[in-house]
Amino acid sequence: MCGIIGIVGKTPAAPRVIESLKRLEYRGYDSAGVAVHTPKGLDRRRAQGRIRELEAVLAAEPLEGQVGLGHTRWATHGAPNLRNAHPQKAGRVMLVHNGIIENFAELKAELIAAGRTFESDTDTEVVAHLIDQGLEQGLAPLAAFKAALNRLTGAYALGALIEGETQLVLGARRGSPLVVGYGDGEMFIGSDALAVGPFTNRVAYLDEGDYVAIGPTSAEIYNADGVRVQREVRTVAASAALVEKGNYRHFMEKEIHDQPDACRYTLSSYVDPIGGQARAPDAFDFTRIARIQLLACGTAYYAALIARYLFEDIAGLPTDVEVASEFRYRNPAVAPGTLAVAVSQSGETADTLAALRWCKAKGLTTAAIVNAPESTMSREVDHLWPTHAGPEVCVLSTKAFTAQLTALISLVVAAARQRGRIDAAEEKRLVQTLLEAPRLLSQVIADTEEALRPIAFEISRARDVLYLGRGPMYGLALEGALKLKEGSYIHAEGYAAGEMKHGPIALIDESTPVIIVAPSDAAFEKTRSNMSEVIARNGQVVLITDAEGLAHAPAEARTIVAPTCDPVIAPLIFAVPLQLLAYQVGLAKGADVDQPRNLAKSVTVE
Ligand code: G6P
């Protein structure tokens, strides 16, 4: 987590740092800071909270100079207060860090014993002291930097400025990403291509263990062994325009409305509309594998959970799904012939990446369904299966989720056909169904956005909300509950509808809304019984269904009607009212839906 930008530029650095940090706020927003080589020496400004707080500090006390460093923080070691904000300072060094230094306690003890004093509770300050110690011992800046890196265990992306070295920014990467941006007579480092996007679209991705010294016109990159290396400079499409809000009030609202396009673009890599066929983008052969192991975190995990039902039901392909943070530490017994598939918007989530690497080390074939094409996962897997949702800025994932479902459902159809579970005619029908999804996504937004408002207003006054669903809708119930708690801070739980009587039913009373996601599929009758059980206990049922379901809905239920669709794409279409509901409840509560407290978009620490 945390976002980094470093600039050796030709124009004032501080405003550019701010511009970049605003694009990096998705990585955390507990505090922010900037350091600049000013005519009077190296200086910094920091603020607790959002980038706009830092802007206010800079307006009151500007920093003059063209070489600078910036950071937005998601706190790991040390409370999110001013003292712990980056850049951290030790002697001649100012340092920003994304990651966790695992051996910081022993290093800190050693540095204190050597007479050094600490100002913060961060692990980062330890690294600043190590570099400064090297400088004191007479090492050149780059050598002092490398000597410090050699002492660290854990994950980091680092950026450093050194007093007196006014045309130099140092950077390093191990476990957390860092890019080098090549401008016109100026150079940058940043957490990702978006960070340097306002200044250049020519970037090089550092490899694990690389470190770099940038000056006004060049980057000297070294690998972990200290050998000078070249890393390919690519032109990326991190266009600034893609991350503007347009006419929407929030990125969440915009990204919900982006979904028909995100689905359409994603389908273009997975289905052939003329031939009526589905395929992985690299034409992966699903007859080569015996099982699938899906690995993911957060919303992406729920997409994987839904896909499991479809892989087993439609393609007859045994599929396991697990949150990556559990999988990576429990020594799982994975069967030979298993394809490990990570699902991740960012392609950087630390637990998902570690689980993927574990599978790779065990000799499994790996694949990743990733929205960020230049991410670490994209570069490390055997098979990259991209989604094309475009940059997702709101911390609450919406369009990335439905793009993941689009890719996963397409892969299910491809696997089913290759494995002889469906014939060409059924494949063609399912492909046609998938091709209708973008239109139905537009329709479900149009049909439900207004109808949800009064319900959202009522839910905004609830203390607890339950979400129930069966089959693939179970995953949606979990996702709906996650969206509501993130977006509005209302306690919400998702349950398999059949589990309600094993506990959650105790919570039902007239003040507990129960959101039931139930298209008129094979499970509808069973779920209808659960609705009756809730209603019998004075629970407030909100049923999200289709026209056929509406005809069979209990009279006491409030209903939201989504377009009728084939069950295979129902998870995609029914996700939308749940997203809209969370958004509207968040608005009614006055919550910061794009950047809820304590969360971050990309979780690059465990
Ligand atoms: C964080 C985000 C979620 C996301 C999860 C996994 O928790 O707030 O929106 O679902 O990480 O992220 P990934 O980038 O791997 O999909």
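This structure is a prediction, so every number in the text was calculated from the model and none was measured. (Residues numbered from 1 in each chain as written. Predicted model: local features only at pLDDT ≥ 70, side-chain atom pairs only at ≥ 80, totals over all residues. Heavy atoms only, no water.)

### Concerning the overall build of the chain
And then number 1: Across its full length, the chain holds 19 helices and 27 strands.
And then number 2: Computed over its C-alpha atoms, the radius of gyration of the chain comes to 25 Å, within 12% of the 25 Å expected for a compact globule of 606 residues.
And then number 3: Here the C-alpha coordinates of the chain stretch approximately 80 × 50 × 45 Å along the principal axes.
And then number 4: Every one of the 606 residues in the chain was classed for burial, and the buried ones make up 61%.
And then number 5: Within the chain, counting contacts between residues at least 6 apart in sequence, those at least 24 apart form 71% of the total.
And then number 6: Working note: accessible area of the chain is about 22,100 Å², and carbon and sulfur atoms make up 49% of it.
And then number 7: Counting 60 positive and 72 negative side-chain charges, the chain places the averaged centre of each group 1 Å from the other. (Helix = DSSP H or I, 4+ residues; strand = E, 2+ residues; numbered from the N terminus. Rg over C-alpha atoms; globule rule 2.2 N^0.38 Å. Buried < 20%, exposed > 50% of the residue type's maximum accessible area, 1.4 Å probe, protein only. Contact = heavy atoms within 4.5 Å. Areas by Shrake-Rupley, 256 points an atom, 1.4 Å probe, with all protein chains shown as cover. Lys, Arg positive; Asp, Glu negative; His and termini not counted. Charge placed at Lys NZ, Arg CZ, Asp CG, Glu CD.)

### Structural notes on the side chain of Gln345
And then number 1: Residue position: Gln345 is located in the loop between strand S20 (338-344) and helix H11 (350-361).
And then number 2: The exposure class assigned to Gln345 is buried, which follows from its relative accessible area of 16%.
And then number 3: Non-local contacts of Gln345, meaning those with residues more than four positions away in its chain, are made with Val370, Asn371, Ala372, Glu392, Ala400, Gln404 and Lys601.

### Let's talk about the site of the ligand
And then number 1: If you check the shell around the ligand, you find 13 residues, and the closest are Thr299, Ser344, Gln345, Ser346 and Thr349.
And then number 2: The separation between an oxygen atom of the ligand and a polar side-chain atom of Ser344 is 2.6 Å.
And then number 3: Here an oxygen atom of the ligand and a backbone polar atom of Val395 are 3.2 Å apart.
And then number 4: Looking at which element gives the most residues to the shell around the ligand, the answer is helix H9 (residues 298-315), with three residues.
And then number 5: When its residues are assigned to classes, the shell around the ligand shows five nonpolar, seven polar and one charged. (Near = heavy atom within 4 Å. Polar contact = N/O pair within 3.5 Å; in protein donor to acceptor, adjacent residues only side chain to side chain. Nonpolar A, V, L, I, M, F, W, Y, C, P; charged D, E, K, R; others polar.)

### With respect to helix H17 (residues 524-536)
And then number 1: Given a rise of 1.5 Å per residue, 13 residues ought to cover 18 Å, and the 18 Å separating the end C-alpha atoms of H17 matches this to within 8%.
And then number 2: Every buried residue of H17 is listed here: Phe524, Thr527, Asn530, Met531, Val534 and Ile535. Buried positions in H17, seen along its axis, are confined to an arc of 140 degrees and lie on one side of it. Exposed positions of H17 whose direction lies more than 90 degrees from the buried face are Lys526 and Ala536.
And then number 3: Close packing links the buried residues of H17 with strand S25 (513-517), strand S26 (540-545) and helix H18 (547-551). (Expected span 1.5 Å × (residues − 1). Arc of directions from axis to C-beta.)

### Some words on the nonpolar core
And then number 1: Judged by nonpolar contacts, the single largest core of 95 residues is most densely connected at Phe286, Trp385, Tyr467 and Phe574.
And then number 2: Mapping this core onto the domain boundaries places at least three of its residues in each of domain 2 (244-445) and domain 3 (449-594).
And then number 3: One finds Ala90, Ala128, Leu130 and Tyr222 within the second-largest nonpolar core, a separate group that totals 29 residues. (Core = buried A, V, L, I, M, F, W, Y, C linked by side-chain atoms within 4.5 Å. Domains from an automatic or database assignment.)

### Concerning unusual backbone geometry
And then number 1: The step from His86 to Pro87 runs through a cis peptide bond, and the omega angle for that step is 5 degrees.
And then number 2: Tracing the backbone through its elements, the reader meets Pro87 in the loop between strand S4 (67-73) and strand S5 (88-90).
And then number 3: The phi torsion at Ala283 lies on the positive side, around 55 degrees, for a residue other than glycine.
And then number 4: Positive phi, close to 65 degrees, is recorded for Tyr489, a residue that is not glycine.
And then number 5: Positionally, Tyr489 belongs in the loop between helix H16 (472-488) and strand S24 (491-496).

### Focus on the pattern of salt bridges
And then number 1: Overall, the coordinates contain 27 salt bridges when judged by the stated rule.
And then number 2: For the salt bridge of Glu110 with Arg151, the shortest nitrogen-to-oxygen distance reads 2.8 Å. In this pair, Glu110 sits in helix H3 (residues 104-113) while Arg151 sits in the loop between helix H5 (141-150) and strand S7 (154-162), placing the two residues 41 residues apart along the sequence.
And then number 3: A relative accessible area of 35% means that Glu110 is categorised as partly exposed.
And then number 4: Judged by its relative accessible area of 35%, Arg151 is partly exposed. (Salt bridge = Lys/Arg side-chain N within 4 Å of Asp/Glu carboxyl O.)

### Concerning the side chain of Thr349
And then number 1: Following the sequence through the fold, Thr349 ends up in the loop between S20 and H11.
And then number 2: One polar contact links Thr349 to Ser346, side chain to side chain, over a distance of 3.4 Å.
And then number 3: Excluding its chain neighbours within four sequence positions, the residues that come into contact with Thr349 are Cys297, Ser344, Met377 and Val603.

### Thoughts on the packing of helix H13 (residues 399-418) against helix H14 (residues 424-448)
And then number 1: Orientation of H13 relative to H14, taken along the N-to-C sense of each, is 175 degrees, at an axis distance of 10 Å. The pairing of H13 with H14 is recorded here as roughly antiparallel in orientation. Contacts from Thr406, Ile409, Ser410, Val413 and Arg417 of H13 reach H14 at Ala424, Glu427, Leu430 and Leu434.
And then number 2: Grouping the constituent residues of the contact of H13 with H14 by class yields five nonpolar, two polar and two charged. (Axes fitted to C-alpha atoms, helices over the stretch in contact; angles between N-to-C directions. Parallel < 35°, antiparallel > 145°, perpendicular 65-115°, else oblique.)

### Focus: the packing of H16 against helix H19 (residues 570-589)
And then number 1: In the contact formed by H16 and H19, the axes pass within 8 Å of each other and the chain directions differ by 20 degrees. Judged by the inter-axis angle, H16 sits roughly parallel to H19. Taken as a pair, H16 and H19 cross one another with a handedness that is right-handed. Across from Pro472, Met473, Leu476, Gly480, Lys483, Leu484, Gly487 and Ser488 in H16, the residues of H19 making contact are Ala570, Pro571, Phe574, Ala575, Leu578, Ala582, Val585, Gly586 and Lys589.
And then number 2: Class assignment of the residues belonging to the contact of H16 with H19 gives a composition of 11 nonpolar, four polar and two charged. (Left-handed = near helix turned anticlockwise from the far one by under 90°.)

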